[in-house]
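# Residue-level structure breakdown
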Amino acid sequence: MKGRFITIEGTEGVGKTTNIEFIHSLLKEAGREVVLTREPGGTPIGEEVRELLLGHKHDGMSDDTELLLMFAARAEHLDKVIRPALEAGKDVLCDRFTDATYAYQGGGRGIALEHIAVLENWVQGELRPDLTLLLDVPVAIGLQRAGQRSAPDRFEKEKHEFFERVRQMYLQRARAESQRYRIIDASQPLDAVQAQIHAALQGGV
Ligand code: TMP
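So, here is what we can say about the structure in this document. Treat the numbers as computed from the prediction; the structure is a model and nothing was measured. (Residues numbered from 1 in each chain as written. Predicted model: local features only at pLDDT ≥ 70, side-chain atom pairs only at ≥ 80, totals over all residues. Heavy atoms only, no water.)

## Concerning the site of the ligand
Around the ligand, the structure places 14 residues, and the nearest of them are R50, R74, T101, Y104 and Q105. At a separation of 3.3 Å, an oxygen atom of the ligand approaches a polar side-chain atom of K16. Within the contact set of the ligand, an oxygen atom lies 2.6 Å away from a side-chain nitrogen or oxygen of T101. Within the complex, the protein chains bury 92% of what would otherwise be the 480 Å² of accessible surface of the ligand. Counting residues per element, the ones that place at least two in the shell around the ligand are helix 2 (44-54), helix 3 (63-87) and helix 4 (98-108). Looking at which element gives the most residues to the shell around the ligand, the answer is helix 4, with 4 residues. (Near = heavy atom within 4 Å. Polar contact = N/O pair within 3.5 Å; in protein donor to acceptor, adjacent residues only side chain to side chain. Areas by Shrake-Rupley, 256 points an atom, 1.4 Å probe, with all protein chains shown as cover. Helix = DSSP H or I, 4+ residues; strand = E, 2+ residues; numbered from the N terminus.)

Below is the structure:
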């Protein structure tokens, strides 16, 4: 049996970390073997690329370089981690995937969506997530929550308008692909958020 490919998305400060741990434990309780991973990252090359992308050493990085590095890390991740796990019947729970590229590089940076689609088809072939949970909160609330954490990375330093475009692109994609996406209202208290996540997972993939 092939495993299920589940991705978690959202802008900054939506509570991804806490909720991914919750989803991980729900899947394990249901008897699934789960590979928990993240993008950019998830492999030795991917984690090095993540440092290039998030650190401040390359603050002037061009938008296309950023896009291609995202997909370079993704190609390695698919080859070494994601495809082998799914083939072995394990579920893959991934903290961000290509929807983040459409949202951040497409919505945020303004790169043509057709260019992203070319890379998506090239690197992924037919593979798409089976289920994507979009943790959604208004940008102002998310940025306030994220600001209470560590020093901002290269993306977190962007302005409010950037994250507004990112959020709108996520919501647009979620509405267009309602079969695959579940929008979780993550501005609610944690137990209400987790009830929504529980229902979304039971609704199944
Ligand atoms: P995070 O996963 O720790 O939230 O940080 C990853 C950052 O990278 C986040 O700001 C979103 C950004 N990102 C993109 O811009 N494009 C992508 O394709 C991915 C996977 C992440």
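Having seen the structure, we can now continue with the description.
## So, helix 4
Most of helix 4 sits inside the fold, with 11 of its 11 residues counted as buried. Within the sequence span of helix 4, burial applies to T98, D99, A100, T101, Y102, A103, Y104, Q105, G106, G107 and G108. Considering only its buried residues, helix 4 is in contact with strand 1 (5-9), helix 3, helix 5 (113-124), strand 4 (131-136), helix 7 (160-176) and strand 5 (181-185). (Buried < 20%, exposed > 50% of the residue type's maximum accessible area, 1.4 Å probe, protein only. Contact = heavy atoms within 4.5 Å.)

## Quick look at the pairing of strand 1
Moving residue by residue along a regular strand, the side chains alternate between the two faces of the sheet. Burial of strand 1 is extensive: 5 of the 5 residues sit out of reach of the surface. By the bridge criterion, 4 bridges tie strand 1 to strand 3 (residues 91-95) in an arrangement that is parallel. Counted as the bridge partner of T7 is C94 from strand 3. Where strand 1 lies against strand 4, 4 bridges are found, and the strand directions are parallel. Across the sheet, residue I6 finds its bridge partner in strand 4, namely L131. (Pairing = 2+ DSSP bridges.)

## Digging into the environment of L131
Within the secondary structure, L131 sits in strand 4. A residue is classified by how much of its surface remains accessible, and L131, at 1% relative accessible area, is buried. Between the C-alpha atoms of L131 and I6, which are 125 residues apart in sequence, the distance is 4.9 Å.

## Structural notes on the packing of helix 4 against helix 7
Running from N to C, helix 4 and helix 7 point in directions that differ by 135°, and their axes come no closer than 8 Å. As summarised for this structure, helix 4 and helix 7 are arranged oblique, according to the angle between their axes. For the crossing formed where helix 4 meets helix 7, the hand is right-handed. Contacts between helix 4 and helix 7 pair D99, A100, Y102, A103, Y104, G106, G107 and G108 from the former with F162, F163, R165, V166, M169, Y170 and R173 from the latter. Looking at the contact of helix 4 with helix 7, its residues break down into 9 nonpolar, 3 polar and 3 charged. (Axes fitted to C-alpha atoms, helices over the stretch in contact; angles between N-to-C directions. Parallel < 35°, antiparallel > 145°, perpendicular 65-115°, else oblique. Left-handed = near helix turned anticlockwise from the far one by under 90°. Nonpolar A, V, L, I, M, F, W, Y, C, P; charged D, E, K, R; others polar.)

## So, the sheet that holds strand 4
In spatial order, the strands read 2-3-1-4-5; together these 5 strands make up an open sheet with parallel pairing. Taken across any chain shown, the strands that pair with only one partner, and hence form the sheet edges, are strand 2 (34-38) and strand 5. Sheet twist, expressed as the average angle between the axes of neighbouring strands with direction ignored, equals 20°. Packed on one face of the sheet, helix 1 (residues 16-29) meets strand 1, strand 2, strand 3 and strand 4 and runs near 175° to strand 3.

## Quick look at helix 5
With 12 residues, helix 5 extends 16 Å between its outermost C-alpha atoms, agreeing within 8% with the 16 Å of an ideal straight helix rising 1.5 Å per residue. Buried residues along helix 5 sit in contact with helix 3 and helix 4. (Expected span 1.5 Å × (residues − 1).)

## Focus on the packing of helix 2 against helix 3
As a packed pair, helix 2 and helix 3 sit with axes 8 Å apart at the nearest point and diverge in direction by 165°. When the interaxial angle is binned, helix 2 and helix 3 end up roughly antiparallel. Crossing of helix 2 over helix 3 shows left-handed handedness. Between helix 2 and helix 3, the residues in contact are I45, G46, V49 and L53 and E66, L69, M70, A73 and E76, respectively. Its residues assigned to classes, the contact of helix 2 with helix 3 shows 6 nonpolar, 1 polar and 2 charged.

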